[in-house]
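Listed here are the chains, written in short residue letters.
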Amino acid sequence: MFYLFVHGLGQTAASWDKTVGALDGPLDFACPDLPKLAAGAVGYSALYRAFSQYCDRLEAPLCLCGLSLGGVLSLHYCIEHPRLVASLVLIGTPYKMPKGLLKLQNLLFSCMPSSAFVQTGFGKKDFLALCRSMAALDFSGDLHRISCPVLAVCGQKDRPNRKAAEELARILPGANLRIIPGAGHEVNVDQPGLLAAALEEFYANTAK
């Protein structure tokens, strides 16, 4: 098994350090840096294409674990390549983009100075373009293609994504739901130890 931990928008690959460090036992894993994968390309389609090509170069089966944008990319890849994915962990991940929330977020982001986007790895213009390009994403009609074990995770304080996590756990056969106490949207940063424990339990059960 090869484990892939995919960060969210505004995070970096290092956002997984504490979570992965808390996992028990050696793993063959990678934490890709999404801005570097994008290599200057703008928009979700270009980013997904780069992510898909990256995954194709890895040795299957893959255990994908993604937060927010990382979860959307992982979900998308699992839908298109179900036989290559052994398990899927979706953290704070909508399967249908909440257009109203995205519109509000984009408005807030557009008011922020360019310097605020430096740590994201994307320039402000590219960051906003990526957000806008995700507005039409809707995987509702493709969820039936997922056959691997799924763990839907949401931070206790992440109210905007709680419903999506509950729906994923209900819609997908055999999927499980885990709410992480004390965590907001960035579960891997807020509660890395609790997230690692949830992942270990999930991976142990799916390995049986």
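These numbers were taken from a predicted model, which means no experiment stands behind them. (Residues numbered from 1 in each chain as written. Predicted model: local features only at pLDDT ≥ 70, side-chain atom pairs only at ≥ 80, totals over all residues. Heavy atoms only, no water.)

A. View of the pairing of strand 1 (residues 2-6). With five of five residues buried, strand 1 is to be regarded as a mostly interior element. Judged by which residues are buried, strand 1 turns out to be covered on both faces: Phe2, Leu4 and Val6 on one side and Tyr3 and Phe5 on the other are all buried. Sheet topology note: the strand 1/strand 3 (residues 62-67) ladder contains five bridges and is parallel. What sits directly across from phenylalanine 2, in strand 3, is leucine 62. Two elements, strand 1 and strand 2 (residues 29-30), share two bridges in a ladder whose sense is parallel. Bridge pairing links leucine 4 to alanine 30 in strand 2. As a crossover connection, the stretch from strand 1 through helix 1 (residues 17-22) into strand 2 is right-handed. (Buried < 20%, exposed > 50% of the residue type's maximum accessible area, 1.4 Å probe, protein only. Helix = DSSP H or I, 4+ residues; strand = E, 2+ residues; numbered from the N terminus. Pairing = 2+ DSSP bridges. Right-handed = clockwise from strand over helix to strand, strands pointing away.)

B. Structural context of the environment of cysteine 154. Counting through the fold element by element, cysteine 154 comes out in strand 5 (residues 150-155). Separated by 41 residues in the primary sequence, cysteine 154 and leucine 195 have C-alpha atoms spaced 9.9 Å apart.

C. View of unusual backbone geometry. In the segment running from alanine 60 into proline 61, the intervening peptide bond is cis, with an omega of 5°. As for its position among the elements, proline 61 is in the loop between helix 3 (44-56) and strand 3. Notably, serine 68 is not glycine yet its phi reads approximately 55°, a positive angle. Among the structural elements, serine 68 can be located in the loop between strand 3 and helix 4 (69-80).

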